[in-house]
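Given next are the chains, with one letter for each unit.
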Amino acid sequence: MEYETVIGLEVHCQLLTDSKLFCGCSTDYIGKEPNTNVCPVCLGLPGSLPVLNKKALEFALRAAIALNCEILPYSHFYRKNYFYPDLPKAYQITQYDIPVGRNGWIELPYSHKRIGITRIHLEEDAGKLVHPTKTGRIEHATYSLVDYNRAGVPLIEIVSEPDFTSPSEAKEYLMELRSIVQHLGISDGNMELGSMRCDANVSVHKKGERLGVKVELKNMNSFKALERALNYEIERQIELIESGGEVEQETRHWSEPERKTISLRGKEEAQDYRYFPEPDLLPIYVNDIMLKEIKKSMPELPADRRKRFVSMGIGEKEASIMVIEKSIGDYFEEAVKYFDDAKIIANWILGDFLGELNKAGMDIWDSKVKPSQLGRLLTLIKNGTISGKIAKKVFSIMFSTGEDPDKIVKREGLVQIVDTSEIEKVVDEVLRANPDAVESYHKGKVNIFNFLVGQVMKATRGKANPNVVRDILQKKI
Amino acid sequence: MDVRHISKLANLDFTEDELKEMEKHFNSIMQYFKKLSSVDTEGVEPTFYVIKHQTPMREDKLKKGLDRKDVLDIAPHTEGGYIRVPQIR
Amino acid sequence: MLELFELPAWRLAEMMRSGKVTALDIVESVLERIEERETELHCYNEVYKEEAIREAEEIDRQRKAGEDLPLLAGIPIALKDNICVRGKEITCSSKILRSFVSPYDATVVQRIKSQKMIIIGRTNMDEFAMGSSTENSAYGITRNPLDTSRVPGGSSGGSAAAVASGEAIVALGSDTGGSIRQPAAFCGVVGLKPTYGLVSRYGLIAFASSLDQIGPITKDVRDAALILGVIAGKDDRDSTSLPVDVPRYEDALGDTLDGMRIGVMEGYDAEGVSEEVVSAMEEVIEIFRTIGVDVKKVNLPYMEYALPCYYIIAPAEASSNLARYDGVQYGMSEDGVGNIRELYRKVRTAGFGDEVKRRIMMGTYVLSSGYYDAFYLKAQKVRTLIRQDFERAFENVDVIIGPTSPTVAFSIGERTANPISMYLSDIFTIPVNLAGISAISVPVFRGDGLPVGIHIMGKVLGEMDILRVSYRLEQELKERGLYHGV
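Residues numbered from 1 in each chain as written. Chains lettered and ligands numbered in written order. Predicted model: local features only at pLDDT ≥ 70, side-chain atom pairs only at ≥ 80, totals over all residues.

Q: In this structure, what is going on with the overall build of chain B? I would like to understand it.
A: Broken down by element type, chain B carries three helices and three strands. Order of helices (α) and strands (β) in chain B, N terminus to C terminus: α-α-β-α-β-β. Over its C-alpha trace chain B gives a radius of gyration of 23 Å, far above what one expects of a compact globule, namely 12 Å for 89 residues. Seen through its C-alpha atoms, chain B measures out along the principal axes to roughly 55 × 45 × 20 Å. In chain B, which comprises 89 residues, the proportion classed as buried is 22%. (Helix = DSSP H or I, 4+ residues; strand = E, 2+ residues; numbered from the N terminus. Rg over C-alpha atoms; globule rule 2.2 N^0.38 Å. Buried ≥ 20, exposed ≤ 12 C-beta atoms within 10 Å, placed from the backbone.)

See the structure below:
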């Protein structure tokens, strides 16, 4: 039986404003002592009132523009009422029927499929709960602890149309969305730290038949987890249907350690949020002047940056990787100032450099290698001062010490030997020291040549220019 | 009105007698509310906002908040800088 | 000879400036009066005796040293127990907020403090401002000083009774459906509800966000104008605060009423309005006619829907505003509870009084799935019609007068068994909050009877108009012996 999948995604991004959505407390809460970043407003103390952060609205508008949304000239806030200990007012101020933007779209970078964006709206984040158990999971806790530092941090919620037909499309979308918010400068899109969160709605149906029952998936904290969770859930639903069962409309949690989705049934009956317009705030008016200003100051979007990188001589695939990771693209742009072959720079960054970064688990800008230094290293290769192979060694040292490549080359005596007379001397020595090899070569064992080259390189500690070595050895052998 | 369901939403407990009283009270109020349904509100905008302005906005600047002491001093149950709540399920 | 506690603030301010009395004299006079009457009346949930004395002494010291002091410096003011004062317990007369100490000052409190007025205590009220008699307080009732077998009105009953009895010189109350004006009427003092948005709500513990306003309760209209001037004006911390310039309200006092047109609400003599109220109204209408003011009837056809409209919107907003009282962050809580749902239910069930619970239930219901359109949305549309009634009327008149309440102060316990009968006492005041306009209540004393409040309504930002008219009315009442004040 052929099954088709329908997936929709709801993504929440924390905005990089300095202050919270409705008060002047800092949004920089990570690693801070609990409850040190709060005020009457974000605590919801009796008598407190919210006042909207202008920058948060601008950021939301930037996102709406980037996602090709219809910007509504008038939108307003609603209260979503429910009881939960991380929600200090027992309601969340969010938007409901009239959001900041709606009816947009985004084109996926690889599959080029168009995904509809239903809406983008502003809302406030809740506090954080800590469950003092061995696992840190709520199911095993007998009590919990509340930290309101995060309460009131601005979020935008981006709801997609249920246009995804596979988990890989969903993942592609999420990665592109992350890239977009990073390029817009409105969010750092970090799933591990929670500044970007994703919920999914998944259903399956037999080809040609009606849409299936939607299941909501939560708690997917990385791109991999998203893909795994979606794949698992699709399989689960298909199996269930095949065995004669019915998919229930419910919310399920993805458990990364157990690699499965778990039902959250057994919770109270369906919530009634009793939405009504927030009387403590007035409507948001977005006029043309404001929009013009924002459009004028829009940063370059990933799609445009990709095109521009390609026009600089880089392959599409490489360009995509450097755009998906904004910090890498930024580094690349900086490095290009110091060396004019973009393709070579890109290869280095995506090769050795990325290798070291992954090993060390760090961001490119946190490394000790400055873009100017990378440029210099490549210049040294270009002008023949060092060979490509030696350069790798030099880079390794640069990565751990941050020293300039010239300094390293000088200290380690790694300058490439190009002086033919010197190389000739070494070649002569090697030939003299390996008479058996020479004989083998003449007898027809051609591969022995490389061994001899290797010996010359060894003798010069890799500093000889390998091409020159080959030439000379060829002549002398 | 399903008083039991509403009381669950509102997190209020009532005795059976109290629920009966509540139902009685609501039934009499409903008479008043019925009056409203007879009003022709075709084409009338709801007064969600008494004030006819846009929402004022503030600059994205930091402002000093409360000291943690202020928060914890008034909290009924705390533990190491956090506010403590019983088991959440 | 009048005691100091019997005098209005503007008089005492003059006396302090001219050196006739000190701030300490005034505070001591008020504190003595509290000693005398508080046990019987219970106007206050807490009196800040030591602080008031200290502050008065400090102000006297500053004045003696020749420092320039604001006009109202040293005047003691009582605050309703729902206005946050930093470092002070604030309960809204509810058990659920017992021992809650506010870590911040309300904006109006900051403004009062900057005028160097002395906060003398927090006054009793109906729990969370829900009520019309102050009988819904978890800390005991307040009695009407004019007749202690009767209620002082509500929900700002404590503030009104304090001003009426001399236990306060001036006071602040809050008004959501009449809670300043009706107790002012019952206690024979002046109460003013400003235009919605004129006075900041930051630090006012919310009941119904789109209806609440803080306002003065005073002995006379001049004091009301002065206090309004202190607390009114834009506040960056309240998004619903109006970005308007605040005029000198006392400039309206003594202005001629020439050219003013006064509307009289139709239906002031309808069934349910007591004889005394009707006859007081007619006497007032006659006064205006006599002094040559143009008086005409105004018809507000949607007024009959104001009560159901209010009793949908206010509880709806309240049910949301009061959801935060749950035993977690502040106030009443319980130990040894098994899980959080239990904590919520236990605390809220034990902590809220009956009327509050009724309104939370009602509010939850009208917002709930399936009922929002028929109730909340519908009520908000009818609200528009009520607002438009006033807008239309104010095209032809400058102010509209009527009775503040259909009866004079009723007896303690008389209406507690029937909540709806209680709601009816706000039938004239409620439309004002729904429309967001301004209104003031001025008392008429006739013979030995209880005072009748005359309700003077003005348009949005019409405070100058209602002050002008009410001041003149006050003067006329004085001349005719229909006034009990100074």
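Moving on from the model shown.
Q: How should the overall build of chain C be read in this particular structure?
A: Secondary structure assignment for chain C yields 15 helices and eleven strands. Along the longest, intermediate and shortest principal axes, the C-alpha atoms of chain C span 65 × 55 × 45 Å. For chain C, the proportion of contacts with a sequence separation of at least 24, taken over those separated by at least 6, is 75%. (Contact = placed C-beta atoms within 7 Å.)

Q: In this structure, what is going on with the interface of chain B and chain C? I would like to understand it.
A: Reports often express the size of an interface as the amount of accessible area lost when the parts come together. At the interface, 41 residues of chain B touch 53 residues of chain C. Within the residue set of the side of chain B that touches chain C, elements represented by two or more residues are α1 (3-10), α2 (16-37), α3 (68-74) and β3 (82-86) of chain B. Tallying contributions element by element places α2(B) first for the side of chain B that touches chain C, with nine residues. Classifying every residue of the side of chain B that touches chain C gives 25 nonpolar, ten polar and six charged. (Nonpolar A, V, L, I, M, F, W, Y, C, P; charged D, E, K, R; others polar.)

Q: Looking at this structure, how should I read the pairing of strand β11 (residues 452-458) of chain C?
A: Consecutive side chains along a regular strand alternate between the two faces of the sheet. Residue and element names in this part refer to chain C. Taken across its seven residues, β11 has seven buried, putting it largely inside the fold. The two faces of β11 match: Val-452, Ile-454, Ile-456 and Gly-458 on one face and Gly-453, His-455 and Met-457 on the other face are all buried. In this structure, strand β9 (residues 399-403) lies alongside β11, joined through five bridges in antiparallel fashion. Bridge assignment links Ile-400 to a residue of β11, and that residue is Met-457. Strand direction decides the pairing type here: strand β10 (residues 438-444) and β11, joined by seven bridges, are antiparallel. (Pairing = 2+ DSSP bridges.)

Q: Is there a simple way to think about the sheet that holds strand β8 (residues 114-124) of chain A in this case?
A: Residues and elements named next belong to chain A. The sheet built from nine strands is open, its strands ordered β3-β7-β8-β11-β1-β12-β13-β14-β15 with mixed pairing. Lying at the two open borders of the sheet, with one neighbouring strand each, are β3 (70-71) and β15 (260-263). In terms of strand pairing, strand β1 (residues 3-14) meets strand β12 (residues 196-206) through eleven bridges, oriented antiparallel. Each bridged residue has a counterpart across the sheet, and for Val-6 the counterpart in β12 is Ser-203. Running at roughly 175° to β8, helix α2 (residues 54-66) makes contact with β3, β7 (101-107), β8 and β11 (154-160) of the sheet. Across the sheet, helix α4 (residues 223-242) is in contact with β1, β12, β13 (215-220), β14 (251-255) and β15; its angle to β12 comes to roughly 25°. (Axes fitted to C-alpha atoms, helices over the stretch in contact; angles between N-to-C directions.)

Q: Any chance you could explain the nonpolar core here in plain terms?
A: Within the largest apolar cluster, 269 residues are counted, with the highest numbers of intra-cluster contacts made by A:Ala60, A:Ala63 and C:Ile77. The contacts of A:Ala60, once residues within four sequence positions are left out, are A:Val100, A:Ile120, A:Leu122 and A:Ile156. Formed by 31 residues, the second largest nonpolar core is a distinct cluster that contains A:Phe332, A:Ile381, A:Met398 and A:Val409. (Core = buried A, V, L, I, M, F, W, Y, C linked by C-beta atoms within 7 Å.)

Q: Can you help me understand the sheet that holds strand β5 (residues 77-81) of chain A in this one?
A: Pairing between the strands of a sheet is mediated by backbone hydrogen bonds and can be parallel or antiparallel. Residue and element names in this part refer to chain A. The antiparallel open sheet is built from three strands, whose spatial order is β6-β5-β16. Looking at which strands have only one partner, the edges of the open sheet turn out to be β6 (91-95) and β16 (276-277). Note: β5 against β6, five bridges, orientation antiparallel. Bridge pairing in β6 places Phe-77 opposite Gln-95.

Q: What's the story with the environment of C:Gln329 in this structure? I'm lost.
A: Structurally, the position occupied by C:Gln329 is in the loop between α9 (306-321) and α10 (340-351). Residue C:Gln329 is classed as buried on the basis of its 24 C-beta neighbours within 10 Å. For C:Gln329, the contacting residues outside a window of four places in its chain are A:Leu43, A:Pro88, B:Ala75 and B:Ile83.

Q: How do you make sense of the interface of chain A and chain B when you look at a structure like this?
A: Residue-level contacts link 39 residues of chain A with 30 residues of chain B. Those elements giving two or more residues to the side of chain A that touches chain B turn out to be α1 (40-43), β2 (52-53), α2, β10 (143-147) and β17 (284-285) of chain A. Looking at the side of chain A that touches chain B element by element, the count peaks at five residues for β10(A). Here the residues of the side of chain A that touches chain B are counted per class, giving 23 nonpolar, ten polar and six charged. For β2(A) and strand β1 (residues 57-58) of chain B, the ladder comprises two bridges, and the chain directions are parallel. Opposite A:Leu52, over in β1(B), you have B:Met57 as the bridge partner.

Q: I would appreciate a short explanation of the confidence of the model for chain C in the present structure.
A: Caution applies to low-pLDDT regions: their predicted coordinates should not be interpreted in detail. The pLDDT averaged across chain C works out to 96; a share of 100% of its residues lies at or above 70. Interface scoring of the predicted complex returns ipTM 0.96; its pTM is 0.92. (pLDDT = per-residue confidence, 0-100.)

Q: I tried to follow the environment of C:Glu127 on my own but got confused; where do I start?
A: Residues and elements named next belong to chain C. Here Glu-127 lies in the loop between β3 (118-123) and α5 (157-165). In the structure, Glu-127 is positioned 80 residues away from Phe-207 in sequence and 10.0 Å away in space, judged by C-alpha atoms. What Glu-127 contacts, discounting residues up to four positions off in sequence, is Cys-92, Ser-93, Ser-94, Asn-136, Ser-137, Ala-138, Gly-353, Glu-355 and Val-356.

Q: What's the story with the environment of A:Lys337 in this structure? I'm lost.
A: Residues and elements named next belong to chain A. Structurally, Lys-337 can be placed in the loop between α8 (326-335) and α9 (342-360). We classify Lys-337 as exposed; it has 10 C-beta atoms within 10 Å. For Lys-337 and Pro-371, which are 34 residues apart along the polypeptide, the C-alpha to C-alpha distance reads 8.5 Å.

Q: Looking at this structure, I do not really get the pairing of β15(A). What am I missing?
A: All names here are of chain A. Judged from the four bridges that link them, β14 and β15 form a sheet pairing that is antiparallel. Considered in β15, the bridge of Trp-254 is made with Thr-261. The hairpin turn running from β14 into β15, its antiparallel successor, is four residues long, and Arg-259 in that turn takes a positive phi close to 55°.

Q: Sorry if this is basic, but what is going on with α2(B) here?
A: Think of an α-helix as 3.6 residues a turn; residues three or four steps apart then line up on the same face. Taking 1.5 Å per residue as the helical rise, α2(B) with its 22 residues ought to reach 32 Å, and the 31 Å between its terminal C-alpha atoms agrees with that figure. If you look at α2(B), its biggest bend is around 30°, right at B:Gln31. (Expected span 1.5 Å × (residues − 1). Bend = angle between axes of the 7 residues up to and from the residue.)

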